There are 2 protein chains.
Amino acid sequence: MNRAHNFSAGPAVLPIEVLQETSQAVLDYNNLGMSIMEMSHRSAEYDAVFVEAQKDGLEILGLSPDEYAVLFLGGGASLQFLMIPMNFLKNKADYVNTGYWSKKAIKEAQWVGNTNVVASSEDMNFNYIPKNITFSPDADYVHITTNNTIYGTRWNVVPDTGNIPLFADMSSDFMSRELDYSKFSLMYAGAQKNIGPAGVTMVVIKKSLLERQKDNVPTMLNYKIHIDANSMFNTPPCVNVYVVGRVFKWIKKLGGLAVIEEMNMKKASLLYDYIDANSEFYRGTVANKEDRSIMNVTWNLPTPELEQKFVKEAREKYNMTNLKGHRSIGGIRASIYNACPIETVQALVKFMEEFKKENS
Amino acid sequence: MNRAHNFSAGPAVLPIEVLQETSQAVLDYNNLGMSIMEMSHRSAEYDAVFVEAQKDGLEILGLSPDEYAVLFLGGGASLQFLMIPMNFLKNKADYVNTGYWSKKAIKEAQWVGNTNVVASSEDMNFNYIPKNITFSPDADYVHITTNNTIYGTRWNVVPDTGNIPLFADMSSDFMSRELDYSKFSLMYAGAQKNIGPAGVTMVVIKKSLLERQKDNVPTMLNYKIHIDANSMFNTPPCVNVYVVGRVFKWIKKLGGLAVIEEMNMKKASLLYDYIDANSEFYRGTVANKEDRSIMNVTWNLPTPELEQKFVKEAREKYNMTNLKGHRSIGGIRASIYNACPIETVQALVKFMEEFKKENS
């Protein structure tokens, strides 16, 4: 296979061995005479796939199945923006606004109840992560977005929310690094960036949180109902969860999040070091180095015309795809998730040097 | 490939050529150097896949894109149970209760507002379809379940609701027959029975209906928002929609719903004729022949023990899977959706004859 250098922000690059396994399972799963897409979700064979993905997911995060439950839901992270306040916003909720996706989460919470934007980096077009935040002692929860795909920022350190449950949208850096995940009471991630194909959202939720859940939540938006049915209240996105499970096996085989983080740091450093050394031509967009994402690297060229030329040449010369920044802010963005090979980042840096020489 | 005889009620059997195409696309789509699962949903290449599935879907149903919009959403048909009343239940809604799934739809509507169960077959354990129903002239809509997977019944004729918009959960017989689909203002189907893998729900909605939509509906539950974004408000279940698109090509190649219905009638008749001719051993569960589903055929054997033996032997001797009736009612169920080959039904009838001889 002649693989593209795929810098898509999501759906994004997946490990080749996962693609190969999935390709086979789509034809015939385990010699059962049927595709992974044709199997009843209630069958023993499929149930084993599902339960193993839940188990491996928690193991990778270093969490206990006694304390946490794993859900694989449809509707995307965007549906979680609504489910969270529907289930847990009683008195008020604290939200930190670090960008486009945080704002969407805030909007849905406002539909439900009293939503307190406790800190925001909107004043500087989201080019930093707010620090030293004072949270409301009576908040039902604090919500953050751990990595901001569009702006290339991430929370380097998990904020201390004391006794207030911490919730996080981790869509774009889920399982990219070692963290004390037990600091979070609820975390969720659309699979299509770091752990699988679009169509499934993984939710990891502290079981003790259910004591705080509101009454009278509609069925499909009700965490307790999904947890009680072990995430099979209705038919789950079966093939999508299968792929997520294979990605988890790949992460485990590599050595877990410590190794993954080392790989990611190496790739990100390669790119950031080059940008910093050539800042007269390539200007990083993030104000403070400690806030830089290791998943989405964003920068500008001297002019929008040069940026357009950069994106075009990268695609035409080297099959480097999706380097264009998000439509809301422009510029260049390279998304270098877990499964992005270092060779792809090396090729990008090489092209950047070539392009700079020819255009400066 | 040694294919199983797969009678699963869903996720269910898919056309072999669709599995082969998908297997290839999972490795590499159109020689782009990336998997169909790795492509940005905003890329021109993926967008073409998505838009073509929408177009083909309407074409198969005989509906115009000027009048109807197609959405591919996550969360399953169960999420539609909530979305429908959230968007359209203002004064009151009429629901017909024909089984397990109708009841779930009714439950969610009751959460939203005034829900009128205008007819029900629960008195006879849902073994028939109510006739001669009088609908409420002031209802916002009428909701029916066109095919009842568990009980083996279907609406043979579309009820006349006059000026009241007709909504239908078509999950288990979507695109199985020719109908005047323009009688419906909103129809939806979880893909995993007749049109694809689990993880995507197709919603076909009359655009003029939006004038009746309620204000202040949360973003992800808001039909207008999804329609305005052409079903890409957030990342759709990309690979699932790809497969649905391939199934549509398969339906079109065969000759559309007229041919599909003829194939389905032939398969269903084979099974029903055999059951009727051997009713001393195999007892169909549906009261009236005209209410019989052509997708899910349900029957009983003389005793539950014989039913258990039947299911076990079918699997062990002939790799016939998922013949066990739904856990809520027991018995035998053979789901024979569009992609179920006639050879599978022939093999089943042959086994039924063999089993009857050995056990009666």
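Since the model is a prediction, treat every value here as computed from it, not as a measurement. (Residues numbered from 1 in each chain as written. Chains lettered and ligands numbered in written order. Predicted model: local features only at pLDDT ≥ 70, side-chain atom pairs only at ≥ 80, totals over all residues. Heavy atoms only, no water.)

## A word on the overall build of chain A
When you go through chain A residue by residue, the secondary structure sums to nine helices and 14 strands. The C-alpha radius of gyration of chain A comes to 21 Å, within 12% of the 21 Å expected for a compact globule of 360 residues. Put simply, of all contacts in chain A between residues at least 6 apart along the chain, 68% involve residues at least 24 apart. Accessible area for chain A stands at about 13,200 Å²; split by element, carbon and sulfur atoms hold 48% of it. Between the averaged position of the 37 positive side-chain charges in chain A and that of its 40 negative side-chain charges there is a distance of 4 Å. (Helix = DSSP H or I, 4+ residues; strand = E, 2+ residues; numbered from the N terminus. Rg over C-alpha atoms; globule rule 2.2 N^0.38 Å. Contact = heavy atoms within 4.5 Å. Areas by Shrake-Rupley, 256 points an atom, 1.4 Å probe, with all protein chains shown as cover. Lys, Arg positive; Asp, Glu negative; His and termini not counted. Charge placed at Lys NZ, Arg CZ, Asp CG, Glu CD.)

## Some points on the packing of aromatic side chains
In total, this model carries 39 aromatic pairs over all chains according to the counting rule given. Consider the rings of Y181 of chain B and F184 of chain B, whose centres lie 6.5 Å apart with planes at 35°: the pair is tilted. Take Y181 of chain B: its relative accessible area is 3%, and that puts it in the buried class. Its relative accessible area of 1% is what places F184 of chain B among the buried residues. Through successive ring pairs, a cluster of aromatic residues spans Y274, F281, Y282, W299, F310, Y318, F351 and F355 of chain A. (Phe/Tyr/Trp six-rings, centres within 6.5 Å; stacked < 30°, edge-to-face > 60°. Buried < 20%, exposed > 50% of the residue type's maximum accessible area, 1.4 Å probe, protein only.)

## Observations concerning the pattern of salt bridges
Residue and element names in this part refer to chain B. Tallied over the entire structure, the rule returns 46 salt bridges over all chains. Among the salt bridges present, the one from E52 reaches K249, with a minimum N-O distance of 2.5 Å. Residue E52 is located in helix α2 (residues 44-61), and its partner K249 is located in helix α6 (residues 238-254); the two are separated by 197 residues in the primary sequence. Between K92 and D138 there is a salt bridge, with its nearest N and O atoms 3.6 Å apart. Note that K92 is positioned in the loop between α3 (76-88) and β3 (93-97) and D138 in the loop between β4 (115-120) and β5 (142-145), a separation of 46 residues in sequence. Residue class for K92 comes out buried when judged on its relative accessible area of 18%. (Salt bridge = Lys/Arg side-chain N within 4 Å of Asp/Glu carboxyl O.)

## A short note on the pairing of strand β2 (residues 68-73) of chain B
All names here are of chain B. With six of six residues buried, β2 lies mostly within the body of the structure. Burial along β2 is two-sided: Y68, V70 and F72 and A69, L71 and L73, pointing in opposite directions, are all buried. For β2 and strand β10 (residues 201-206), the ladder comprises six bridges, and the chain directions are antiparallel. The residue of β10 that forms the bridge with V70 is V204. (Pairing = 2+ DSSP bridges.)

## Considering the nonpolar core
Formed by 194 residues in total, the largest nonpolar core has its most connected members in L271, W299 and F310 of chain A together with L271, W299 and F310 of chain B. With near-sequence residues (within four places) excluded, F310 of chain B lies in contact with Y282, W299, L301, L323, I332, L348, F351, M352 and F355 of chain B. M220 and Y223 of chain A together with M83 and F167 of chain B belong to the second largest nonpolar core, which has 60 residues in total. (Core = buried A, V, L, I, M, F, W, Y, C linked by side-chain atoms within 4.5 Å.)

## Some details on the sheet that holds strand β8 (residues 166-169) of chain A
All names here are of chain A. Strands sit in the order β2-β10-β9-β8-β5-β3-β4 across an open sheet of seven strands; the sheet is mixed. Sheet topology places β2 (68-73) and β4 (115-120) at the edges, where each strand pairs with a single neighbour. Sheet twist, expressed as the mean angle between neighbouring strand axes with direction ignored, is 20°. Lying over the sheet, helix α4 (residues 100-112) contacts β3 (93-97), β4, β5 (142-145) and β8, oriented at roughly 155° with respect to β3. (Axes fitted to C-alpha atoms, helices over the stretch in contact; angles between N-to-C directions.)

## Points about the domain arrangement of chain A
All names here are of chain A. Assigned domains within chain A: domain 1 (16-254) and domain 2 (256-359). Domain 1 and domain 2 are separated by 27 Å when their C-alpha centres are compared. Here domain 1 packs against domain 2, burying approximately 2,400 Å² in sum over the two surfaces, 55% of which is carbon and sulfur. Considering only the surface of domain 1 that becomes buried against domain 2, I150, R154 and L254 emerge as the three largest contributors, covering 21% of it. (Domains from an automatic or database assignment. Buried area = accessible area lost by both parts, 1.4 Å probe.)

## Let's talk about the pairing of β3 of chain B
All names here are of chain B. Among the five residues in β3, five count as buried, and that is most of the element. Both faces of β3 are covered, namely the face carrying A93, Y95 and N97 and the face carrying D94 and V96. Where β3 and β4 come together, five bridges link them in parallel fashion. Across the sheet, D94 pairs through a bridge with N116, a residue of β4. Looking at chain direction, β3 and β5 are connected through two bridges and run parallel.

## Notes on the environment of K252 of chain B
With respect to the element layout, K252 of chain B can be found in helix α6. In this structure K252 of chain B touches D56, E59 and I60 of chain B, once residues within four positions along its chain are discounted.

## A closer look at the interface of chain B and chain A
Counting residues at the interface gives 64 residues for chain B, matched by 64 residues for chain A. In terms of surface lost to chain A, no three residues of chain B exceed M37, E38 and W111 of chain B, which account for 14% of the buried area on that side. The salt bridge involving R3 of chain A is made with E38 of chain B; its shortest N-O contact spans 2.8 Å. Counting across the chain B and chain A interface gives 22 residue pairs in polar contact (both at pLDDT 80 or more). For the side of chain B that touches chain A, the secondary-structure elements that each account for two or more residues are α1 (16-27), α3, α4 (100-112) and α6 of chain B. Ranked by the residues each element gives to the side of chain B that touches chain A, the list is headed by α1 of chain B, at six residues. (Polar contact = N/O pair within 3.5 Å; in protein donor to acceptor, adjacent residues only side chain to side chain.)

## Brief notes about the sheet that holds strand β12 (residues 296-300) of chain B
All names here are of chain B. Taken together, the three strands give an open sheet; going across it, the order is β11-β12-β14, and neighbouring strands pair in antiparallel fashion. The strands lining the two open edges of the sheet, one partner per strand, are β11 (283-284) and β14 (332-335). Pairing of β11 with β12 involves two bridges; the strand directions are antiparallel. Directly across from R283, in β12, lies its bridge partner N300.

## Focus on the side chain of N148 of chain B
Relative to the helices and strands, N148 of chain B resides in strand β6 (residues 147-148). When its relative accessible area of 4% is taken as the criterion, N148 of chain B is described as buried.

## Observations regarding the relation of the copies chain B and chain A
The operation relating chain B to chain A is a screw motion whose rotation component is 180°, with 0.0 Å of axial translation and a residual RMSD of 0.0 Å. The superposition of one copy onto the other is thereby described by a two-fold rotation axis. The share of interface residues of chain B whose copies in chain A are also at the interface is 100%, consistent with both copies meeting through the same surface. (Least-squares fit on C-alpha atoms with pLDDT ≥ 70 in both.)

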